[in-house]
Amino acid sequence: MAVILVLLIIVVCIEIPGYFENNYINILKNSSLNLVMAAGMLCVLLVGSIDISVAAVLELSAAVAGVLMRDGHIQSVGMMFAVGILIGALAGFLTGVLTSYGRILPIIVTLGMTYVCRALIPMDFILGMDKIARIDLTDSFKDFILQKFLGLPLIIYITLAVVLLIGIFLKYTKTGRSLYAVGSNVKAAAMRGVNVNLTKVLAHTICGATAGMAGIMRLAEYNAIEKGACNGGEMYVIAACVLGGVSVMGGYGKMIGVVIGAALIATIDSAIPQLFIDATMMKEFFKGILILAAILLNVLFQRASNKRMKMKESAK
């Protein structure tokens, strides 16, 4: 996928001189929200689960935080992020409990969570809103995301911080490595003392928290949120993970791969409209082909790895 990303950029730069120099910041910005959510989704996929409610959790977190700011209960940017992350983490926690301790398929639980989250957004007697608009937000909140450091927007640094923190957590902590263990072999992980159910709940909680954080980032970026604002966004997040080589069976995946996957999707969204007349069709076509290719390679590598493991066990 890294090679494909480089080749795509080279082709576009040849066809459209100056493309990358003029668009690399937009590519980074466009991949930021998906990458933040994909970092959390990586944790869920590692334990062999999935969460298709992230886009709805994003919308609900942004909506509730927006209402609190509109009504004067929140003034600071930090509190907005705290509320968004808390709401997202709660949704992820509930999902994790139902899938782990309730033994319900994650696709079913997260589908239900999607409808619940989106149903809450337009209910006046609960949230007192239909949507949050620019006028509902404080000037300080609207302005903070526009700030730049070393020529790059603040949203890129926030995304980088999330990616680094989760990457370090997965690679260098015992709990992070437990996510890989659970996804690789549940029975073996349990025998080594890993609390499988709690680990799965943690993975879903992290995924929900990153979705909530992305909700506040989106609210700051677009100054608005409403029901259905991110319809289909969960597919982009899962696609970024799959394109980055994360195993759909659990147990394997790296943060650097997720970064490449998110960058590839953002590059396609940015480049294809400048190369083809029917941009929408071609964007979806290229994404579909790449996702199918990534899944096929994923499965082939997984089979080869399993075959090597069996051969080693037989040799012993």
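See the structure above.
Reading the values: the criteria
- Residues numbered from 1 in each chain as written.
- Predicted model: local features only at pLDDT ≥ 70, side-chain atom pairs only at ≥ 80, totals over all residues.
- Heavy atoms only, no water.
- Salt bridge = Lys/Arg side-chain N within 4 Å of Asp/Glu carboxyl O.
- Buried < 20%, exposed > 50% of the residue type's maximum accessible area, 1.4 Å probe, protein only.
- Helix = DSSP H or I, 4+ residues; strand = E, 2+ residues; numbered from the N terminus.
- Axes fitted to C-alpha atoms, helices over the stretch in contact; angles between N-to-C directions.
- Left-handed = near helix turned anticlockwise from the far one by under 90°.
- Contact = heavy atoms within 4.5 Å.

Focus: the pattern of salt bridges
Okay, so step 1: Scanning the entire structure with this criterion turns up three salt bridges.
Okay, so step 2: Between Arg 70 and Asp 71 there is a salt bridge, with the nearest N and O atoms lying 3.1 Å from each other.
Okay, so step 3: The class of Asp 71 is partly exposed, set by a relative accessible area of 42%.
Okay, so step 4: When the shortest N-O distance is used, the salt bridge between Lys 142 and Asp 139 registers 3.5 Å. Of this pair, Lys 142 and Asp 139 both sit in helix H7 (residues 139–144), separated by three residues, roughly a single helical turn.
Okay, so step 5: For Lys 142, a relative accessible area of 10% translates into the label buried.
Okay, so step 6: A relative accessible area of 53% places Asp 139 in the exposed class.

Some words on the packing of helix H4 (residues 77–100) against helix H5 (residues 106–120)
Okay, so step 1: Taken N-terminus to C-terminus, the directions of H4 and H5 make an angle of 145°; their axes are 9 Å apart at the nearest point. Considering the relative orientation of H4 and H5, their crossing is right-handed. On H5, the residues that touch Ala 91, Leu 94, Thr 95, Leu 98 and Thr 99 of H4 are Pro 106, Val 109, Thr 110 and Met 113.

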